[in-house]
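What follows is the residue order along each chain.
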Amino acid sequence: MTSFRTSPGMRDLLGDEAARRRAFDTAFIEVVGAAGYEQIVPPILEDIGVFSRIGEATDVVSKEMYDFVDRGGRHVALRPEQTASVCRAFVEHRPALPYKAWYSGPNFRYEKPQRGRQRQFDQVGIEVLGPEDPHVDVEVIAIGWDFLASLGLTDVELVLNSLGDPEDRRRFTEAVGDHLRAHLAKLSEQSRETLERNPLRVLDSKRSEDAPIIAAAPRIEDFWSTEAAEHFSEVRSGLDRIGVPWRADGGLVRGLDYYRRTTFEFRSGALDSAQNALGGGGRYDGLVEDLGGPATPGIGFAIGVERTLIACDSESAFPGPAGGVEVFVVDTTGGSEALALSTELRRGGRTVDRGFGGRSMKAQMKAADRSGAQLALIIGDDELASGTVTARFLRGDRPQEQWARTEANRLVAEALADHRPPEMTES
RNA sequence: GUGGGCGUAGCUCAGGUGGUUAGAGCGUCAGGUUGUGGCCCUGAAGGCCGGGGGUUCAAGUCCCCUCGCUCACCCCA
């Protein structure tokens, strides 16, 4: 018999992991909902042209896309990120401005899998389309920051930069290219290749031989237009005003081509791997226009869910909800009473599980204990004959009681009111 | 895509220099308790030792290939 496993770079989420993933969304929704963002659920598949705008020179577009021709002859792709989809949806439906949206869902990139870098990975993120106001930048960044903090993460650094306006960025790129080519001989092999495709990315190089050349490279701030410099300055003072700490780094050049002006990244100090960027984003004032819409400024961020959860693990933060059920019904008389009672209790709003398969009382009690239930309701021959149930309290020292079967619903409610667990984070 | 490390039970891992029926803990199941979980005790089930090929009388162990995970590069979330 052949068996199967998940495709490389893709994972199953079971039980506690799935519950934690769900709680992650809940935590995110709480933060973005409080700021007036509405949800958008774009399709996972789009015309490949939607994603080309991310940047022909980036690996994400040029060699990592899951793309194919569908049965109707359309060239489509699994989304590698969601910003482009949100902009496409904006152009298609034209919601009122400012359009503030959040999303959560899977993206696909055909990379060599690694911890914190999967081929199918989830991102949560927000986008704001419309205002060019630097306060929007501040709001977006602060929401990302506050969300990570709400998970209990403390070892996070916000790195900030401005790429200037498109013309600034173009001149800067050129200057960096010239500078690097002047020192070509001393540049690492890798960086020489990168230089061909995307000179700015060389500034990200971590190789030691590149360090002196990068240190001597032109600096972005010398290329900012007055407007871009002013915008960035207001972003920084806005962050200061609300107590979000940041570090400016002229070398922060994010991969996607569409960024201009403000760019930022959230880095975890708890992850010393190369995958320490939990999320990031920036302004993409030209993207909507590129997708056939009216010139509309935009800014947003995306946070990698798996990666952030790994950071939570190493900081022992965000353990996720405790699962389980309130009541467990044990029935050694064949199960028909368990069927009736558990259904009745569920219809009354309780969470309840039960034993199946006519297993021994001991086995069913064990299952009751594992279920996390506060209360086991036992039905054996005696109870059946006398029209009662035995209530056994699993988490305290309250002695077990005999209840009239007809009173079970009410008495369960009473018992659980006394034994409320301290905090049930389950949504 | 390139290079390194690692793949033994559901999980975490032992298995000097090749040697006969591959082990432990946890978990699961059953029993100790004529109807009672958690602690304890006993027992059982559960492994094509990632897959394929080779060397050898003999391979979990050595060699080659391959797949997967992982680390670095790359890329990025």
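Thresholds, definitions, all that
- Residues numbered from 1 in each chain as written.
- Chains lettered and ligands numbered in written order.
- Predicted model: local features only at pLDDT ≥ 70, side-chain atom pairs only at ≥ 80, totals over all residues.
- Heavy atoms only, no water.
- Buried < 20%, exposed > 50% of the residue type's maximum accessible area, 1.4 Å probe, protein only.
- Helix = DSSP H or I, 4+ residues; strand = E, 2+ residues; numbered from the N terminus.
- Pairing = 2+ DSSP bridges.
- Near = heavy atom within 4 Å.
- Polar contact = N/O pair within 3.5 Å; in protein donor to acceptor, adjacent residues only side chain to side chain.
- Axes fitted to C-alpha atoms, helices over the stretch in contact; angles between N-to-C directions.
- Parallel < 35°, antiparallel > 145°, perpendicular 65-115°, else oblique.
- Contact = heavy atoms within 4.5 Å.
- Nonpolar A, V, L, I, M, F, W, Y, C, P; charged D, E, K, R; others polar.

Enquirer: How should I be thinking about the pairing of strand β14 (residues 375-379) in this particular structure?
Expert: Each regular strand displays side chains that alternate between the two surfaces of the sheet. Buried residues dominate β14, accounting for 5 of its 5 residues. Along β14, one buried face is formed by Leu375, Leu377 and Ile379 and the opposite face, lined by Ala376 and Ile378, is buried too. Where β14 and strand β15 (residues 388-393) come together, 4 bridges link them in antiparallel fashion. Bridge pairing links Ala376 to Arg392 in β15.

Enquirer: Can you walk me through the protein's contact with RNA strand B in this structure?
Expert: Around RNA strand B lies a shell of 48 residues, among which Arg207, Ala277, Asp382, Arg392 and Leu394 are the nearest. In the interface set of RNA strand B, defined as its atoms within 4 Å of the protein, sugar plus phosphate atoms amount to 56%. Between RNA strand B and Glu111, the relevant distance is 3.0 Å, taken from a base nitrogen to a side-chain nitrogen or oxygen of the residue. For the surface near RNA strand B, the elements supplying multiple residues, two or more each, are α3 (59-62), β6 (120-129), α7 (189-197), β10 (277-283), α14 (361-370) and α15 (381-386). Among the elements that line the surface near RNA strand B, the one with the most residues is α14, at 7 residues.

Enquirer: For this particular structure, what's the right way to read the packing of helix α1 (residues 15-33) against helix α12 (residues 305-314)?
Expert: How two helices sit against one another is set out by the angle between their axes and by the gap between those axes. Contact geometry of α1 with α12 gives a least axis separation of 12 Å together with a crossing angle of 105 degrees. Here α1 is positioned roughly perpendicular relative to α12, judged by the angle of their axes. Of the residues in α12, those in contact with Arg20, Arg21 and Phe24 of α1 are Val305, Thr308, Leu309, Cys312 and Asp313. A breakdown of the residues in the contact of α1 with α12 according to their chemical character gives 4 nonpolar, 1 polar and 3 charged.

Enquirer: Sorry, what's going on with the sheet that holds β10 here?
Expert: Two pairing modes exist for strands in a sheet, parallel and antiparallel, and in both the strands are linked by backbone hydrogen bonds. A sheet is described by the order of its strands in space; here 8 strands give the open sequence β1-β5-β6-β11-β10-β9-β7-β8, paired in mixed fashion. The sheet is open, and its two edges are formed by β1 (38-39) and β8 (247-248), each paired on a single side. Sheet topology places strand β9 (residues 260-268) next to β10; 6 bridges connect them, and they run antiparallel. Bridge pairing links Thr263 to Gly282 in β10. Helix-sheet contacts for helix α5 (residues 134-150) involve β5 (99-108), β6, β7 (156-162), β9, β10 and β11 (298-304), and the interaxial angle to β11 is about 15 degrees.

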